[in-house]
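Chain by chain, the residues:
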Amino acid sequence: MIETLSNALDWLSASLVVVLMVPLALTFWRMVRGPGYADRFIAIDMLTGIAVAIAALTAGTTGRREFLDVAFGIALISFVATCALAAFLERKGSRR
Amino acid sequence: MSLVYALAIAVISACGVYLMLSRHAVRILFGVAVLSAAVNLVILYAGRIVSTVPPVIPGGETALAVEAANPLPQALILTAIVIGFALVAFVAALALRLHRSTGTLDNRALDDAERLGSPFVPTEDRP
Amino acid sequence: MNSLVLSAFARIFFWLMIAVSLYILYRGHNEPGGGFVGGLIGASGFAILVLAEGVEAARAALRIHPVAAMGAGLVLALLSGLPGLLLEGAFLTHWWLHIGSFHTGTALLFDIGVYLVVVGGILALVLRFYEEDAHS
Amino acid sequence: MIVLSLASFMSKLVGVVFLFAAAVGLIRFSDPLQRMHAATKAGTLGAGFIVLGVVLQLQRLDVTLTGLAVVLFLLLTIPVAGHLLGRAAYVSGADIGGLRGGDALEGVLDRHPGALEARIGETAAQVEAQ
Amino acid sequence: MRSSLVTRAWDCVVLAAVFQRELLKSSVAVAQAAFAREPRTASAIIAMPIRLRTEFGIAVLANMVTLTPGTCSLHISDDRRTLFIHSLDADDPEAIVADIRSTFEDRIRRIEG
Amino acid sequence: MPLIACIAVAIASALVARVTAPHLRHPGWALATVPAALFCVFLGLGLRLEGEAFLTERVEWVPALGVALGFRLDGFSLLFCLLITGIGALVTIYAGAYFADKPRDKGARFLALILLFMAAMLGTVLSDNLIGLYVFWELTSLVSFLLIGFDSHQSAARKAALQSLIVTAGGGLCLFGAILLIGSALGTFSLSEVVARGDELTASPLAPAILVLLCLGTFTKSAQVPFHFWLPNAMQAPTPASAYLHSATMVKLGVYLLARFDQAFAGMPAFGMTLVVFGTATLLVGGLRAMMQSGFKGVLAQSTVGSLGLLVLLIGLGGETAAVATVGFILAHALYKAALFFCAGNVIHATGRTQITQMAGLGRKLPMTALAAAAAALSMAGLPPMVGFIAKELVFEAQLADAAGTLALALAVVGNAAFVMVALLSAIDPFWKRRGVPSEVHHADTPGLVVGPLVLSALGLLFGLAPGLVANSLVVPAASALAGRPIEASFSLWHGFTPMLALSAAVVALGAVLYALWPRVHWRLGEWPPLVALLGDRGYYSVFNGILNLAERSTRILQNGDQRAYTATVVAATLTILTLGLVFDTPGLAVDIDLSDLRIAPVAVLAFMMIGAVAATRTRSLLTALVSVGIVGFGSALVFLLNGAPDLALTQFSVEVLVVVILTALLLRIPLRPASTRTTAERRLDLALAGGFGIVVFVALIAMTAVPFDPRLSAFFAAASYPEAWGRNVVNVILVDFRAIDTLGEIAVVCFAALGAWGLLRRTGKTGGAR
Amino acid sequence: MIGVLASNAVLWPVAVPLATAAVCAALWGRIEAQRVVSWIGTILLFAVSLALLSRTVMDGIQAIQFGNWAAPFGVTFAADRLGAAMAAITGLMALATMIFGLADIRRREEEAGFHVLFHGMLAGVNGAFLTGDIFNLYVWFEIMLITAMGLLSIRRTRAQLDGTLKYAVLNLFSTLLFLLAVALLYGAAGTLNMADLGRVLPTLPPSATLTVSALLFLAGFGIKAGYFPLFFWLPASYHTASITIAAIFAGLLTKVGVYACYRVFTLIFAVDGSGLRDILAVMAAGTMLFGVFGAAVQWDVRRILSFHIVSQIGYMLLGLALATPAGLAGGVFYIVHHIVVKANLFLIAGAIHRASGTFDLRRSGGLLKRSPLLAMLFLVPALSLGGIPPLSGFWAKFMVIDAAVKDQAWWLVGVSLFVGILTLYSMTKIWMEAFWKSPVLPREAARPVPRPMLVAIALLSAVTVVIGLVAQPFVLYVNEAAAGLADPAGYIDAVLGPGMAARPGATP
Ligand code: NA
Ligand code: NA
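All values reported here derive from a predicted model rather than from experimental measurement.

### Things to note about the overall build of chain G
Right, so step 1: Along chain G, the regular secondary structure elements total 22 helices and two strands.
Right, so step 2: For chain G, whose C-alpha radius of gyration is 22 Å, the value lies close to the compact-globule estimate of 23 Å for 508 residues.
Right, so step 3: The C-alpha extent of chain G, read off along each of the three principal axes, is 75 × 55 × 40 Å.
Right, so step 4: Of the contacts formed within chain G by residues at least 6 apart in sequence, a portion of 82% connects residues at least 24 apart.

Quick look at the structure:
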């Protein structure tokens, strides 16, 4: 019984990655379709969370810490991209 | 699964080639990036995509598990990613410099190299 | 970018990233990471400085010229192969020091070289791309 | 044991739901600033819950430390990122249709009257001139 | 009048806990809004006078504001006296300001000492 | 090794001349000692040759290619060697005097070239190895080019030089082709061996090709129709060069080689017929064009063309008499034509004029020149008692003896009459013509300028009076060498009343008539467009310019300056070869497709990547494109993440971030929505090309499914990573240890790319821009 | 110690320039110090490349395994006669161009990283010549590409930037095709070591993957090498580079593409008995013909020479297309000869520019009087390129065309001969316009040719003359090199261990 439940949970955990494909698709949609540059950039920022989530879930399903390390790296570094995008938007978009 | 990978790689590389056929320097740059990504996937594909286990030897063991992913393509891709990045960065710098120097990135307006010493351009017209 | 929030946190991010990058560099031989990823994260730290405080601040933070850093990294990577060449007869044969279950060797030197090249190279790129156009 | 598994799964599930909500918000909200609320907050929290779930699932010290570090980094970076993006959106003249309750920033920050994408959409020559 | 180090450390812990709670509340709110039948349409940018001494304190406040329900810091005036906040809820700006003041700003001031 | 020594001395003398001539008081006389000495050596060597006897020397040069410096002196080459060195000595003296009033350095350069040319000539006629022969052959073309363009400030000289080089070196390449074919057919490059194995040669399937290429090579050199035009244009060269190269020696190389091969092609009648046809045509064209000229050197040059035609005709004929006639005519022609050129040079040098019509009454002012001209002209006209008479008799005899010759005989009479006319014109008009004002001269005869013509004319007389001097020592051995067997031939002044004598008389009479007509017809003929078009170098220029036009058009099309056209062509070419290869080289397409391992998440990510890639191509906004490309990159990171490659995922993700950092900085400064750069048609074509590329990639990838994977390398890394390289992250161990050199190269790329970008984006206008 | 250095002879021609580049980069901003290091590096490179050559001649194929990891697991460097010759000629080119550069390279170019990029490029070139690993070859190609782009654009004139862009696009495409080919090959054969590939591939059944891989190699290398119809980037860019750089490009870079073709299509894939042969033959003819056509219509010396690179590449490709030992030998001879000659001609173009003030032949002139020594020195490479005996180019043409004759490839023989005359024509054009013709530009435009330029030109001309006059050892050398290419068993054994070539199925 418990084993069955445990197995079911494992299976469900694994399929959570599949579920995450939906927010990923929506985010991509926002990235490509905009309409504004700000919208696209916000969507790109959102990718960080999804990427961390997928990495973490993979770590969970495989039981390997290496994937959590990836999440760790993503969490840290993606911020730079957001900064760059914001800087771009502010400088390109401002009156100057 | 191979079929899906093959299809995706084919589509992505076709898009890369299409972008590279543009006359705009930055689109060409994007083409290089896309085609590079496709080729990286080809390397992964060539090593046979069969496993989700990372090729890291767990503590306490001395050899990689049999079911681990093929590490060699990963190492090759890593090298290729880095090289691709370096090239993209250089071409971006080139594009920026081109724009600063000529005010355009459209290849139809960029003919300084072909005009230099061209027999088909009148002498007094040459830079 | 003239943002108080960013500039107040920039140095924290910078040092955090440098620290993390060194950690990732160090442990790369056994876990995901290594000189390249470490270098990328380190360079990102500098990129934060560039974005928050400008090009000069980042240059000052590196202290040596980014190109010289790349050169030094490349030299280091080459040098790390020499002990193996002289002692084992083949270039890039790494030389190991074993302390119990702890192993370190010239491979780490090599990775440090990679790290330096990546940090210097990417910083060079970012600096140039974020310099204000003084002309044009 | 099974309790932890269950908790872990629930945590992940909550995370996924939050991420889902964030993505839906990203699609449904009417202007960039509203969308940003969804992305930064719900997205971050969703990721955090999932990491927490994995920490609960694996129950190892190294995983726990790494997981905590991930959450810490997310909490550190997301608000700054949100702040920067929001301000940039505002300055660049992004179309903030939902802003009906007043704009205290008007006159404080130099907001461009037209959205960037609208401006460059017109002619390339115009962009050249700026 | 600076409070003791111990007090300030305790305040930090409290602040962090409060912050977690607020973050949770904020996310739930966003999730609700996202799935709501009628997506909200009216938001506002409001100005909040701030009384913090240090830049770092201001930055921390701004970040916390961002991560709390329905609000996001957009800008800090050049004289460091006003924080501009985007609020998803445009109904009662004063209440929002008062809420932020009580949950975050006062605590941060205490930690600043 | 006397032969090699002779050639070496000749080459060395050229260098010596270049260095010492500017410092010598009489460089011509001094340097003439070298050819004179060589002449004596060859005379000495010749006296030791009897009948078919010959002298060979051989030094290996590139034995790996079958190339030796093989030299062979027989009667025929002896004749040439004596002419080359003997006339060479006189030309050297003459050139010294000719350039006496010019800057010394210029004279030195000229003398050096003349001596170098002599060396090249000697090498050609002495070479037995065909490759060696070709080396010297091309050297003569080259020196000829330098000499024709010697007055390089004149565009006419440069033009003529280029023309001669194109024709003779182009012909040289044909000769080269012939030589390679011969080597391929017979396995040897030895000329004597090839001649000895003539039957094998003619039996070879390559024989027709060899014949054609050989004729092209020799006809160009010896100015045969249709390559006759370059030789008269070559008169742009200073006269000593004209006398030496373009009348007496170099142009006879073609004849020399044809004569050599005559015996080898004995079994192939087409060879003889070709020569007769082209030789006769050349004889007529030369004669006719001589009638059209009025320049002194030009007239002589045209008659040289005719003479060369006559020689080729003779070689084409069979029989012993033809061989003797060939040899005799070569000898006589060299003597009189060089002498006449010297005389022409003297007149031109003294008066500064070039047209015969502008010259008059020079007989008293340049008496020695006039005397020499008269004697040489007698020989040329084929009048007794000159050697030219003997030669002409032999020519007619040979023609009468051969069926093909009889056919050409009538035409030959006309051609020979033209020679008579030229002879009369050269000997009479400039010197003794009454009409017009006597020309002014800048100087009288000088010893250096007259010794050459006088000696040559005197020899013409001497050999005519005493043919025995040369008959058995020179003519018969040479003819025997050509025929490949000992020949009993009569080389004497008087044969009695023969048909040949009658023909000679007719020729002289006809020649006299032509001479009388010349003042009235030459300019009319010379300006008659159809004739000019037919006989001039218009054909050459239409071919030449045709090729250049083709070149220009192809270059305009191919290298059109359009980047997209380049890329499109490259992609199209790549696709073409891929398609050809797949169609012809792959037996079917084996695939092994398994859909049971389908996982949804990677499939979704791959789908997103495809959509991203397509979106990147669809949008006109660079920013949207950047975002779409970002999807592809981010998608790769996820694919890596989902397939057990955390290192890759992290790296790809980090790289994506830095790409955003850099590219946004780029996009900040450029228009984000550039106008479209492709027309709809171009876009369609690009779509087709890109689609084709995708299909090929797809085929290659699914075909891989049927290939079993060889996991040797990965298995080794899996096993050795920790025990031998002390690392648990196998990917990283590969990077820093197993394949560290890759990584070293990779960081070098990063270093150089960053450095290049650093340099590209340095500030302008300041030094220290590298900061 | 000496023993270790000597047994790693194949390492140094790569390590020395790479280290030189690295040290120069580390000395950033200190131009004088960089110059000293750069010179030491150049001389050392010349020395070690000669040492490698002599060791290869004495002891046969030199192979090293990096990190002592046995092939095919690690990365191998191996020098057979072909590789050693290429490395040696690279050393010579480096020396000559550095000498020339004394009078040509400006301080501003040095500040922009000339020394780093120059030695980096040499490392890339030598790495490509000496590596025995197909993926590693890709890495060296990229080093070459990136340094070449840096050097090409070093003066940042508009023409250089435009030229660099055109260079970049097609060469990036080329390297991507190359990498794709490597990936497919790895997927089919499971190994990257070239000797191992040569051993394994014959045992594999034919597959579309392998066919596509082979042809992608051809296309990728073909773009690099400037084959028809893939050469467009070359005439669009080479003439914009400053002369020292153009000379080393002209000499070396395209030849790396040709070399790679020779290596891959002898060791790994077989040309003979496949459709490849006809494809190569058509490409060779087109390369010769359209290259020389392009050259014939140009008036700018650099452009003439650039198109001639293409044209001459056709002869080298012809050698490979024949796929006979004689053809390969001719091709190898052609490569070696042409590197020297073409680099020299570019150097002379620089000297012509100095002495007459222009690269435009129509405005040039009078150099025979102004610089008779230069005129003499010009004739050597020009006539050699034109195939005039007894210079090096004659033997090269002789060997290639003779191989075509022996192979009864008549139309190729015809095209080769025809192209020969047009080659001579365009060399003559330079001679007539720049040297013979009276000067067009005023005297002030002309400057005396600096001594270092003449020294460099004389050095290379001397090499051309020596190869021409003493051709026998060179012919023997390339014959052996070609024999090694035609039968790669020796190479395979040297890399994988004795007897491995004979056991295609075995696992080392
Ligand atoms: Na070249
Ligand atoms: Na050519």
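Still to come is the rest of the account.
### What about the packing of aromatic side chains?
Residues and elements named next belong to chain G.
Right, so step 1: Counted under the stated rule, the structure contains 76 aromatic pairs over all chains.
Right, so step 2: Ring geometry for Y238 against F249: centres 5.7 Å apart, planes inclined by 50°, an arrangement best described as tilted. In this pair, Y238 sits in the loop between α11 (233–237) and α12 (243–268) while F249 sits in helix α12, placing the two residues eleven residues apart along the sequence.
Right, so step 3: Of the residues examined, F249 reaches a relative accessible area of 0% and is grouped as buried.
Right, so step 4: Ring pairs connect the aromatic residues F135, Y138, F141, F178, F217, F221, F265 and F269, which therefore count as one cluster.
Right, so step 5: Residue placement shows K397 over the ring face of Y315; its charged tip is 4.8 Å from the ring centre.
Right, so step 6: Above the face of the W299 ring, K429 is positioned so that its terminal group lies 4.4 Å from the ring centre.

### Brief notes about the UniProt feature "domain: NADH:quinone oxidoreductase/Mrp antiporter transmembrane" (unreviewed entry) in chain G
Right, so step 1: As recorded in UniProt, the feature "domain: NADH:quinone oxidoreductase/Mrp antiporter transmembrane" (unreviewed entry) lies at residues 133–423 of chain G.
Right, so step 2: Strand forms 0% of residues 133–423 of chain G and helix 79%; the C-alpha atoms that close the span are 37 Å apart.

### Digging into the coordination of the sodium ion (ligand 2)
Right, so step 1: Protein coordination of the sodium ion (ligand 2) is provided by S311 of chain G (OG), Q312 of chain G (NE2) and T423 of chain G (OG1), with donor distances spanning 2.2 to 2.7 Å.
Right, so step 2: Overall, the relative accessible area of 0% leaves T423 of chain G in the buried class.

### A few points about the packing of helix α2 (residues 37–62) of chain A against helix α3 (residues 61–91) of chain D
Packed helix pairs are characterised by how far apart their axes lie and by the angle those axes make with each other.
Right, so step 1: The interhelical angle for the contact between α2 of chain A and α3 of chain D, taken along N-to-C directions, is 175°, at an axis separation of 10 Å. It follows from the interaxial angle that α2 of chain A and α3 of chain D lie roughly antiparallel. Note on element contacts: α3 of chain D touches α2 of chain A through V70, L74, I78, A81, L85 and A89 of chain D, opposite A38, F41, I42, D45 and V52 of chain A.
Right, so step 2: Tallied by class, residues from the contact of α2 of chain A with α3 of chain D come to ten nonpolar, no polar and one charged.

### Regarding the arrangement of the chains
Right, so step 1: Of all 15 pairs of chains in contact, the one with the most contacts involves chains F and G.
Right, so step 2: Regarding chain A and chain G, the two do not touch, and the least distance separating their C-alpha atoms is 25 Å.

### Comments concerning the interface of chain F and chain G
Right, so step 1: Listed by partner, the interface residues are 103 residues for chain F and 112 residues for chain G.
Right, so step 2: In this assembly, chain F packs against chain G so that about 9,200 Å² is buried in total across both faces, 77% of it on carbon and sulfur atoms.
Right, so step 3: The three residues of chain F that bury the most area against chain G are R712, I741 and F752 of chain F, which together make up 8% of that side's buried surface.
Right, so step 4: Put simply, chain F and chain G have two salt bridges between them.
Right, so step 5: Close ionic contact of R712 of chain F with D196 of chain G constitutes a salt bridge, the shortest N to O distance being 2.7 Å.
Right, so step 6: Put simply, chain F and chain G have 14 residue pairs in polar contact (both at pLDDT 80 or more) between them.

### Some remarks on the pattern of salt bridges
Right, so step 1: The full count for this structure, using the stated rule, is 53 salt bridges over all chains.
Right, so step 2: With its nearest N and O atoms 3.5 Å apart, the salt bridge here joins R60 of chain D to D62 of chain D.
Right, so step 3: Taking the relative accessible area as the measure of exposure, R60 of chain D reaches 34% and is therefore partly exposed.
Right, so step 4: Look at D62 of chain D and you get partly exposed, because its relative accessible area is 27%.
Right, so step 5: Close ionic contact of R199 of chain G with D196 of chain G constitutes a salt bridge, the shortest N to O distance being 2.9 Å. Note that R199 of chain G and D196 of chain G are positioned in helix α9 (residues 194–200) at a spacing of three residues, about one turn of the helix.
Right, so step 6: Bridged by salt links that share partners, the residues R65 and D69 of chain A, R27 and E31 of chain C together with R60 and D62 of chain D form one connected network.

### Focus on the coordination of the sodium ion (ligand 1)
Right, so step 1: Donor atoms from the polypeptide that coordinate the sodium ion (ligand 1) comprise A250 of chain G (O) and K255 of chain G (NZ), at 2.1 to 2.3 Å from the metal.
Right, so step 2: We classify K255 of chain G as buried; its relative accessible area is 0%.

### Observations regarding the environment of E60 of chain F
Residues and elements named next belong to chain F.
Right, so step 1: Its place among the elements puts E60 in strand β1 (residues 55–62).
Right, so step 2: Judged by its relative accessible area of 44%, E60 falls in the partly exposed class.
Right, so step 3: It is 7.8 Å that separates the C-alpha atoms of E60 and G70, two residues lying ten residues apart in sequence.
Right, so step 4: The contacts of E60, once residues within four sequence positions are left out, are V67 and A68.
Right, so step 5: A polar atom in the side chain of E60 sits 2.9 Å from the side chain of R58.

### Re the UniProt feature "transmembrane region" (unreviewed entry) in chain B
Residues and elements named next belong to chain B.
Right, so step 1: When the UniProt feature table is mapped to this numbering, "transmembrane region" (unreviewed entry) covers residues 6–21, 28–46 and 75–98.
Right, so step 2: Taken end to end, residues 6–21 comprises 94% helix and 0% strand; its first and last C-alpha atoms sit 22 Å apart.
Right, so step 3: From the first C-alpha to the last, residues 28–46 spans 26 Å; its make-up is 100% helix and 0% strand.

### A closer look at the pairing of strand β1 (residues 96–99) of chain C
Residue and element names in this part refer to chain C.
Right, so step 1: Here β1 runs beside strand β2 (residues 102–105); their pairing, made up of four bridges, is antiparallel. Residue H98 lies in a different strand from β2, and its bridge partner there is H103.
Right, so step 2: Counting the residues that bridge the hairpin from β1 to β2 gives two residues, and of these G100 lies at a positive phi of roughly 65°.

### Things to note about a negative patch on the surface
Right, so step 1: A cluster of acidic side chains, namely D89, D91, D92 and E94 of chain E, defines a negative patch on the protein surface.
Right, so step 2: Relative accessible area serves as the criterion here: at 68%, D91 of chain E is assigned to the exposed category.

### Here we look at the sheet that holds strand β3 (residues 82–87) of chain E
Right, so step 1: Strand order in the open sheet formed by four strands is β1(D)-β1(E)-β3(E)-β2(E), with mixed pairing between adjacent strands. Each edge of the sheet is formed by a strand with only one pairing partner; in this case those strands are β1 (99–103) of chain D together with β2 (71–76) of chain E. Neighbour-to-neighbour, the strand axes of this sheet turn through a mean angle of 25°, independent of strand direction.
Right, so step 2: Bridge analysis of β2 of chain E against β3 of chain E gives five bridges, and the strand direction is antiparallel. What sits directly across from H75 of chain E, in β3 of chain E, is F84 of chain E.
Right, so step 3: Running over the sheet, α3 of chain D touches β1 of chain D together with β1 (43–49) and β2 of chain E and is turned about 65° from β2 of chain E.
Right, so step 4: Against the sheet, helix α3 (residues 93–112) of chain E touches β1, β2 and β3 of chain E, its axis set at about 50° to β1 of chain E.

### Quick word on the state of the cysteines
Right, so step 1: Applying the stated rule across the entire model yields zero disulfides over all chains.
Right, so step 2: This cysteine, C72 of chain E, is not joined by any disulfide, and C83 of chain A carries the nearest cysteine sulfur, 14 Å off.
Right, so step 3: On the basis of relative accessible area, C72 of chain E is assigned to the buried category, the value being 1%.

### Digging into the side chain of S306 of chain G
Right, so step 1: Relative to the helices and strands, S306 of chain G is located in helix α14 (residues 301–322).
Right, so step 2: Beyond its immediate chain neighbours, meaning those up to four positions away, S306 of chain G contacts L234, P235, Y238, H239 and F346 of chain G.

### Side note on unusual backbone geometry
Right, so step 1: With an omega dihedral of 5°, the bond running from V225 of chain F to P226 of chain F counts as a cis peptide bond.
Right, so step 2: Tracing the backbone shows P226 of chain F in the loop between α9 (207–221) and α10 (230–233).
Right, so step 3: Note the cis peptide between P384 of chain F and P385 of chain F, where omega equals 10°.
Right, so step 4: Here P385 of chain F shows up in the loop between α16 (367–381) and α17 (387–401).
Right, so step 5: Phi at Q59 of chain D takes a positive value of approximately 55°, unusual for a residue other than glycine.
Right, so step 6: Within the element layout of this structure, Q59 of chain D appears in the loop between α2 (32–58) and α3.
Right, so step 7: What makes Q59 of chain D partly exposed here is its relative accessible area of 37%.
Right, so step 8: We note that A223 of chain F has phi near 55°; this positive angle belongs to a residue other than glycine.
Right, so step 9: Along the chain, A223 of chain F turns up in the loop between α9 and α10.
Right, so step 10: Residue classification places A223 of chain F among the buried positions, given a relative accessible area of 0%.

### As for helix α20 (residues 468–483) of chain F
All names here are of chain F.
Right, so step 1: The largest bend in α20 is about 35°, located at V475, with the proline P477 one to four residues further on.
Right, so step 2: Of all 16 residues making up α20, twelve are buried, and the element is well covered by its neighbours.
Right, so step 3: Among the residues of α20, those classed as buried are V470, A471, L474, V475, V476, P477, A478, A479, S480, A481, L482 and A483.
Right, so step 4: Looking at the buried residues of α20, the elements they touch are α3 (75–98), α12 (252–264), α15 (320–351) and α19 (447–465).
Right, so step 5: A positive phi of about 80° marks G484, the residue just after α20.

Scoring rules and cut-offs
- Residues take numbers from 1 onward in each chain, read along the sequence in its written order.
- Note on labels: chains are lettered from A, ligands numbered from 1, in written order.
- This being a predicted model, a pLDDT of at least 70 is required before a residue's local features are given, and a value of 80 or more before pairs of side-chain atoms are given or counted; all residues contribute to the totals for chains, interfaces and linings.
- The basis for every side-chain value is the complete set of non-hydrogen atoms in the structure, without hydrogens or water.
- Per the convention used, a helix needs a DSSP run of H or I reaching at least four residues, while a strand needs a run of E reaching at least two, with both numbered from the N terminus.
- We compute the radius of gyration over the C-alpha atoms and compare it with the globule rule, which gives 2.2 Å times the number of residues raised to the power 0.38.
- Two residues qualify as a contact provided that any one of their heavy atoms is within 4.5 Å of a heavy atom in the partner residue.
- Pairing of aromatic side chains requires ring centres within 6.5 Å, counting the rings of Phe and Tyr and the six-membered ring of Trp. Pairs whose planes differ by under 30 degrees are stacked, by over 60 edge-to-face, and all others tilted.
- Think of it in three bands: with a 1.4 Å probe and only protein chains considered, a residue is buried below 20% of the maximum accessible area for its type, exposed above 50%, and partly exposed in between.
- In this analysis the charged atom, NZ for Lys or CZ for Arg, is taken to sit over a ring once it is within 6 Å of the ring centre and within 35 degrees of the ring normal.
- UniProt positions are given in the numbering used here, feature names are shortened, and annotations may be inferred rather than shown by experiment.
- Distances decide who is a donor: an N, O or S atom must be within 2.8 Å of the metal, or within 3.2 Å for Na, K and Ca. Water is not included, so sites may look incomplete.
- In this analysis an axis means a line fitted to C-alpha atoms, helices contributing only their contacting stretch, and an angle means the value between N-to-C directions, from 0 to 180 degrees.
- Note on angle classes: values under 35 degrees are labelled roughly parallel, values over 145 roughly antiparallel, values of 65 to 115 roughly perpendicular, and the remainder oblique.
- For this classification, the nonpolar set comprises Ala, Val, Leu, Ile, Met, Phe, Trp, Tyr, Cys and Pro, the charged set comprises Asp, Glu, Lys and Arg, and every other residue, Gly included, is treated as polar.
- Accessible surface is computed with a 1.4 Å probe, and the buried area is the amount of it that two parts give up when combined, taken over both parts together.
- By salt bridge we mean one thing: a side-chain nitrogen of Lys or Arg within 4 Å of a carboxyl oxygen of Asp or Glu.
- In the analysis that follows, any N or O atom pair within 3.5 Å is treated as a polar contact, provided that within protein one partner can donate a hydrogen and the other can accept it, and provided that, for residues neighboring in sequence, both atoms belong to side chains.
- For two strands to be treated as a pair, DSSP must find no fewer than two bridges joining them.
- What makes a patch is a set of residues exposed beyond 30% relative accessible area and free of salt bridges, joined within 9 Å when like-charged and within 5 Å when nonpolar (Val, Leu, Ile, Met, Phe, Trp, Tyr).
- Every accessible area reported is derived by Shrake-Rupley at a probe size of 1.4 Å, with residue values counting cover from the shown protein chains alone.
- Positive charge is attributed to Lys and Arg, negative charge to Asp and Glu, and no charge count is given to His or to the chain ends.
- A single reference atom marks each charge: NZ on Lys, CZ on Arg, CG on Asp, CD on Glu.
- Criterion for a disulfide: a pair of cysteine sulfur atoms at a distance within 2.5 Å.
- Bending is quantified residue by residue as the angle between axes fitted to the seven-residue window ending at that residue and the seven-residue window starting at it.

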